[in-house]
Amino acid sequence: MSARLTSAVRRRTALFRLALIAFGLAALPVTAHAADPLPAPEGPVILTVSGSIAVTNSPEGAAFDRKMLEEIGLTELSTSTPWTDGVQVFNGILGRTLLERVGAEGSVVMASALNDYTVEVPMDDFRNYDVLLALDMNGAEMQVSDKGPVWIVYPRDQVPALQDRKLHERWVWQLKALQVQ
Ligand SMILES: Nc1nc2c(c(=O)[nH]1)N[C@H]1C(S)=C(S)[C@@H](COP(=O)(O)O)O[C@H]1N2
Ligand SMILES: [Mo]
């Protein structure tokens, strides 16, 4: 083999290796923490995630007490809602963050409430928008008598496309479970 040909082959091999590495990196999960084990809840379980998830801590799936949700990280969202007067200040966990924490893989999340209301929420809602699983409203824990313990709140004031009656059914209050499909 001529020297020129050999170096061309070497270059190609090097490129191929680089491509393999790049492919390998791209195949890694985006969520570095998804594999971290989840401790068992100590307080009352307020939210359970089940279905197509990688991380569980109970036979039912991933069960969270309030403290566990707080520790994953609270986010503030101020928005009006169709069910309240004026702008409310919500605090809670981003749906996206919770789903990443349990290694959720799917296209649909079935959201169920304490009153057994269930609705499909597209996974893309959580990917594309800062949809909050709200725990507090105006600095106070939401009670079951007032849309607690968890309310799915869309950033409606921030994103005009979300000011749509057709989305109202996804604003599940008294949320108790998310099932990833
Ligand atoms: N927990 C719970 N959340 C719910 C519902 C429900 O029955 N239970 N209904 C949904 C639907 S279908 C809509 S349209 C709105 C209902 O809002 P309304 O009570 O103002 O009609 O809330 C949504 N969130
Ligand atoms: Mo509805």
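What you are looking at is a predicted structure, and each value in this text was computed from that prediction instead of being measured.

Engineer: If you had to explain the overall build of the chain to someone new, which residues and values would you point to?
Structural biologist: Scanning the chain from terminus to terminus reveals four helices and 10 strands. Written out in order from the N terminus, the α and β elements of the chain read α-β-β-α-β-β-α-β-β-α-β-β-β-β. Per-residue burial for the chain yields a buried fraction of 40% across its 181 residues. Residue pairs in contact within the chain that sit at least 24 positions apart in sequence constitute 59% of those at least 6 positions apart. Accessible area for the chain stands at about 10400 Å²; split by element, carbon and sulfur atoms hold 54% of it.

Engineer: Which residues make up the site of ligand 1, and what values do they have?
Structural biologist: Around ligand 1 sit Trp83, Ala113, Asn115, Tyr117, His168, Glu169, Trp171, Val172 and Trp173, and those are all the residues in its vicinity. Asparagine 115 places a polar side-chain atom, nitrogen or oxygen, 3.1 Å from a nitrogen atom of ligand 1. One of the backbone nitrogen or oxygen atoms of tryptophan 173 is found 2.6 Å away from a nitrogen atom of ligand 1. Look at ligand 1: alone it shows 520 Å² of surface, and the protein chains cover 61% of it. Each residue belonging to the shell around ligand 1 can be placed in one class, and the counts come to six nonpolar, two polar and one charged.

Engineer: Lay out the nonpolar core with the relevant residues and their values.
Structural biologist: Ranked by size, the top nonpolar core spans 44 residues in total, and within it Val49, Phe64, Leu98, Leu133 and Leu175 carry the most contacts. If you tally residues by element for this core, the top one is strand E7 (residues 132-137), at five residues.

Engineer: Give me the lowdown on the confidence of the model for the chain, citing residues and values where you can.
Structural biologist: When the pLDDT values of the chain are averaged, the result is 90; 81% of them are 70 or greater. The low-confidence segment residues 28-32 (pLDDT under 50) makes one contact with residues lying over four places distant or belonging to another chain.

Engineer: Before we move on, could you go through the environment of glutamate 60 and cite the residues and values that matter?
Structural biologist: Tracing the sequence through the fold places glutamate 60 in the loop between strand E1 (45-51) and strand E2 (62-65). Note on glutamate 60: relative accessible area 55%, which makes it exposed. The spatial distance from the C-alpha of glutamate 60 to the C-alpha of serine 50 is 6.5 Å, given a sequence separation of 10 residues. When near neighbours in sequence (up to four residues on either side) are disregarded, glutamate 60 contacts Thr48, Val49 and Ser50.

Engineer: Pulling in residues and values, what's your account of the sheet that holds strand E10 (residues 175-180)?
Structural biologist: Strand pairing in a sheet is mediated by backbone hydrogen bonds. Such pairs are either parallel or antiparallel. Reading across from one edge, E2-E1-E10-E5-E6 is the order of the five strands in this open sheet, with mixed pairing throughout. Edge positions in the sheet fall to E2 and strand E6 (118-122), since each of these pairs with one other strand and no more. Here the average twist between neighbouring strands, direction ignored, is 20°. Looking at chain direction, E1 and E2 are connected through four bridges and run antiparallel. Looking at E2, one finds that valine 49 is bridged to alanine 62.

Criteria and thresholds
- Residues numbered from 1 in each chain as written.
- Chains lettered and ligands numbered in written order.
- Predicted model: local features only at pLDDT ≥ 70, side-chain atom pairs only at ≥ 80, totals over all residues.
- Heavy atoms only, no water.
- Helix = DSSP H or I, 4+ residues; strand = E, 2+ residues; numbered from the N terminus.
- Buried < 20%, exposed > 50% of the residue type's maximum accessible area, 1.4 Å probe, protein only.
- Contact = heavy atoms within 4.5 Å.
- Areas by Shrake-Rupley, 256 points an atom, 1.4 Å probe, with all protein chains shown as cover.
- Near = heavy atom within 4 Å.
- Polar contact = N/O pair within 3.5 Å; in protein donor to acceptor, adjacent residues only side chain to side chain.
- Nonpolar A, V, L, I, M, F, W, Y, C, P; charged D, E, K, R; others polar.
- Core = buried A, V, L, I, M, F, W, Y, C linked by side-chain atoms within 4.5 Å.
- pLDDT = per-residue confidence, 0-100.
- Pairing = 2+ DSSP bridges.
- Axes fitted to C-alpha atoms, helices over the stretch in contact; angles between N-to-C directions.

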